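So the chains spell out like this:
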Amino acid sequence: MNWLHSILVLAVAFLAVFFEASFGGFRHLLGAQIDFLPGLMVYTGLTTGWPAVILTAFCGGLWYDSFSLNPLGASVPSLLLIGMLAWRGRELLENDRPGAQFFFGAVASAFQPLATLFVMLNIGAAPLLGWKSLWQWLVMILGGGLFTPLCFILFRRIHRAFVYQPARQVAFRPDRQIKRGRS
Amino acid sequence: MFKKPHYLISVLVVLLVAVLVKLPGGTMGKAKLAISGLFLPLFGLAVSTHATTAHAADSFVSKTELTRQNDALRRENVELKFLLQQDAALRNENARLHKWASWSPQRFSKGRLARVIARDPANWWRSVEIDLGGRDGIKTNDAVLTPDGLVGRIQSVGQMRSVVILLGDPGLRVAALIPNNGKTGIINSSLASPPESDMVEMDYLTGGGVVQKGQTVETWGEGGVFPAHIPIGTIVDVRVKESGLAPEARVRLAADIGALQEVWVMTP
C-alpha cells in the first residue's frame, strides 16, 4: 500500500496544481486563489513516510512554480518544511478529528505563503503585495484548512476502494448452530 | 544529524532548489514551460469536455433562435465588410499622404488569436499561459491585447505555449500617453492601493497639460516593445506623491484582465 499511497498522493498533488491553474472560480468569487498543497503536505506528513513527503514537496512545488512567475523551486522549501514537521510530530499530533485536521491545514496554509514570500524577497523578486494581500491570505488559510479534512476523507475512501479489507468476524459460528427437530 | 537519510536528502533537495531559483531568466522560462508541459493531456481533456458540453447544449437551441442569430451575424458581416472597404481606402490615402510628406509610413502588425489555458496560481503575480508558441511565430516581447485594449506582453516562449505577463504585474512597465493633453508616463503595478485586477498606476507624469478623471490612456510607442495608440484604460483619479516630485494617476484598465478567455498576439 505504501507505494500505491505515495503515487496517489502525487496524483492528487498533480490534479490540485492543475485545478489551481485552470479554475478561476475562487478568484472571481473571493478575490484569491486557494492553495491545496499545504493541506496535502499535512496529510502526507501525518500518514506516509519521509520519502513520500520529500517527493510530494519537490514535485508539487515545481509543478506549482511552473505555472507561476515564482522563481522555479521557490515553493519547495516551505512545503518540505510543512511535510517534515508533520512527519516528525505524527506520533504526537492528534490527526483523527476533523477539527484538528482543519487546524493543522490552516496553520500550514498560513505558513506556506509567508515562507515562500520570505524566500522570494531574499532572492530579489518583487511580488505584488498590498492591503488586499491580507484578505487573500485569510482566504488561503480558510480554504487550505477546509481542504485538509476533505483530503483525509478522500484518501480514506480511496484506501477502502483499493486495499484488500479482511472480512470481519461475525458472531455466527456454524459449529455452534443448534439444530432443532428430527433429522 | 546527517547520518539520518531524511535529513541528508532534505538538505540535498534544498541545495537543488537553491540552484534552480538562481537559473538565468531564459533557461528558467524554458524549464517552467517544459515542466508545465506535463499537464498538456489534462488541458486537452478539459477542452474536449468543454466542447462536448457545448455540443450537447447546442442540440437544445431551437431552429428559430439559430435562424435569428444567423440573420444578425449576416447583417454584422455586411457592415464589417463595408467598414473594411472604408478602412482600406483610408489606409491608401494615408500611405499616399505619408509619401507626399516624406514621412515613414506606420507599419501594421499581424496577429494571431490565442486561447488562455492557465492562470498564475499565486496571488502575488499576474500572468497567464496561452496555447501559441514558437512554432506559431510568437516571440518574446510581442504585445498581447483584446478588442478592448492592451493586456500584456509575451514573457517566455515554448514550442506550443507561451507565458504572458499581464498589466499590473510588477515585472511589466509600459510607456503611456494621454492623447488629450500629451502627458506621458509609465504604467506600473498598483502597490499603494489594494491590488485590484483592473487598476494600475501611471507614474512619472511629465509634460503636457492637466490630467483629469475620465481621460483615456494609450501606449506611447517609445521603447520599441509596444506599438503606439493601443488603448490601455481611463484615468480614475490623480494625486501627488509624498515626495512631491511628480503626480501619479490611477488608471482603470480597458481590458478585463481577470476574465481573459482569448487574446490577440501582435507579431511583427
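Remember, predicted model here, so these are calculated numbers, not experimental data. (Residues numbered from 1 in each chain as written. Chains lettered and ligands numbered in written order. Predicted model: local features only at pLDDT ≥ 70, side-chain atom pairs only at ≥ 80, totals over all residues. Heavy atoms only, no water.)

1. Description of the overall build of chain B
A count of helical and extended segments in chain B gives four helices and twelve strands. Taking 18 Å as the expected radius of gyration for a compact globule of 268 residues, we find that chain B reaches 23 Å, considerably beyond that expectation. Across its three principal axes, chain B shows a C-alpha extent of roughly 80 × 65 × 35 Å. Sorting the 268 residues of chain B into buried and exposed places 40% on the buried side. Of the contacts formed within chain B by residues at least 6 apart in sequence, a portion of 56% connects residues at least 24 apart. When the accessible surface of chain B is split by element, carbon and sulfur atoms take 59% of a total near 15500 Å². Between the mean site of the 30 positive side-chain charges and the mean site of the 25 negative ones, chain B shows a separation of 7 Å. (Helix = DSSP H or I, 4+ residues; strand = E, 2+ residues; numbered from the N terminus. Rg over C-alpha atoms; globule rule 2.2 N^0.38 Å. Buried < 20%, exposed > 50% of the residue type's maximum accessible area, 1.4 Å probe, protein only. Contact = heavy atoms within 4.5 Å. Areas by Shrake-Rupley, 256 points an atom, 1.4 Å probe, with all protein chains shown as cover. Lys, Arg positive; Asp, Glu negative; His and termini not counted. Charge placed at Lys NZ, Arg CZ, Asp CG, Glu CD.)

2. Focus on the confidence of the model for chain B
Caution is warranted with low-pLDDT regions, since their predicted coordinates should not be read in detail. Taken over all residues, the pLDDT of chain B has a mean of 87, while the share at 70 or more is 93%. The ipTM for the predicted assembly is 0.84, set against a pTM of 0.84. (pLDDT = per-residue confidence, 0-100.)

3. A short note on helix α5 (residues 76-88) of chain A
Here α5(A) spans 18 Å end to end across 13 residues, near enough to the 18 Å set by a 1.5 Å rise per residue. Packing partners of the buried residues in α5(A) comprise α3 (37-47), α4 (50-66) and α6 (98-122) of chain A together with α1 (5-21) of chain B. (Expected span 1.5 Å × (residues − 1).)

4. Brief notes about the interface of chain B and chain A
Taken residue by residue, the interface counts 48 residues in chain B and 48 residues in chain A. Taking both partners together, chain B and chain A bury about 4300 Å²; carbon and sulfur atoms supply 73% of that area. Together, B:Pro121, B:Asn123 and B:Trp124 form the three largest contributors to the area buried by chain B at its contact with chain A, with a combined 19%. At the surface where chain B touches chain A, the tally comes to zero salt bridges. The tally of links from chain B across to chain A stands at 14 residue pairs in polar contact (both at pLDDT 80 or more). Put simply, the parts of the chain that give the side of chain B that touches chain A at least two residues each are α1, α2 (25-36), α3 (40-58), β1 (110-119), β2 (127-130) and β5 (162-166) of chain B. In terms of residue count, the dominant contributor to the side of chain B that touches chain A is α1(B) (eleven residues). Tallied by class, the residues present in the side of chain B that touches chain A amount to 31 nonpolar, ten polar and seven charged. (Buried area = accessible area lost by both parts, 1.4 Å probe. Salt bridge = Lys/Arg side-chain N within 4 Å of Asp/Glu carboxyl O. Polar contact = N/O pair within 3.5 Å; in protein donor to acceptor, adjacent residues only side chain to side chain. Nonpolar A, V, L, I, M, F, W, Y, C, P; charged D, E, K, R; others polar.)

5. A closer look at the environment of B:Val157
All names here are of chain B. Secondary-structure assignment places Val157 in strand β4 (residues 149-157). Classification of Val157 by relative accessible area gives buried; the value is 17%. Sequence separation between Val157 and Ala34 is 123 residues, and the spatial gap between their C-alpha atoms is 11 Å. Once residues lying within four places of it in the same chain are set aside, the contact partners of Val157 are Leu33, Gly133, Gly134, Ile138, Lys139, Thr140 and Ser162.

6. Some points on the side chain of A:Ser78
Among the structural elements, A:Ser78 can be located in helix α5. Not counting chain neighbours up to four residues away, the residues in contact with A:Ser78 comprise A:Phe111, A:Gln112, A:Ala115 and A:Thr116.

7. Comments concerning unusual backbone geometry
Among all residues except glycine, the phi angle is most often negative; among peptide bonds, the trans geometry is most common. Residues and elements named next belong to chain B. For Asn141, which is not a glycine, the phi torsion comes out positive at approximately 75 degrees. Look at Asn141 and you get partly exposed, because its relative accessible area is 33%. At His229, a residue that is not glycine, the phi angle is positive and equals roughly 70 degrees. As for its placement among the helices and strands, His229 is situated in the loop between β9 (216-219) and β10 (231-240).

8. Description of the packing of aromatic side chains
Counted according to the given criterion, the structure contains 14 aromatic pairs over all chains. An angle of 80 degrees between the planes, with centres 5.0 Å apart, marks the rings of A:Phe14 and A:Trp63 as edge-to-face. A residue pair is termed long-range when its members are at least 10 positions apart, and A:Phe14 in helix α1 (residues 2-22) and A:Trp63 in helix α4 qualify at 49 residues. Accessibility classification places A:Phe14 together with A:Trp63 in one group, the buried group. Ring geometry for A:Phe23 versus A:Phe26: centroids 5.6 Å apart, planes at 85 degrees, classification edge-to-face. For A:Phe23, a relative accessible area of 35% gives the class partly exposed. Each residue in the set A:Phe14, A:Phe18, A:Trp63, A:Phe67, B:Phe39 and B:Phe43 is aromatic and connected to the rest through ring pairs, giving one cluster. (Phe/Tyr/Trp six-rings, centres within 6.5 Å; stacked < 30°, edge-to-face > 60°.)

9. Looking at the sheet that holds strand β6 (residues 174-178) of chain B
Residue and element names in this part refer to chain B. Strand order in the closed barrel formed by six strands is β6-β7-β8-β11-β10-β9, and the pairing between neighbours is antiparallel. Pairwise comparison of adjacent strand axes, ignoring direction, gives a mean angle of 40 degrees for this sheet. Strand direction decides the pairing type here: β9 and β10, joined by three bridges, are antiparallel. Within the sheet, the bridge partner assigned to Glu218 lies in β10 and is Pro231. (Pairing = 2+ DSSP bridges. Axes fitted to C-alpha atoms, helices over the stretch in contact; angles between N-to-C directions.)

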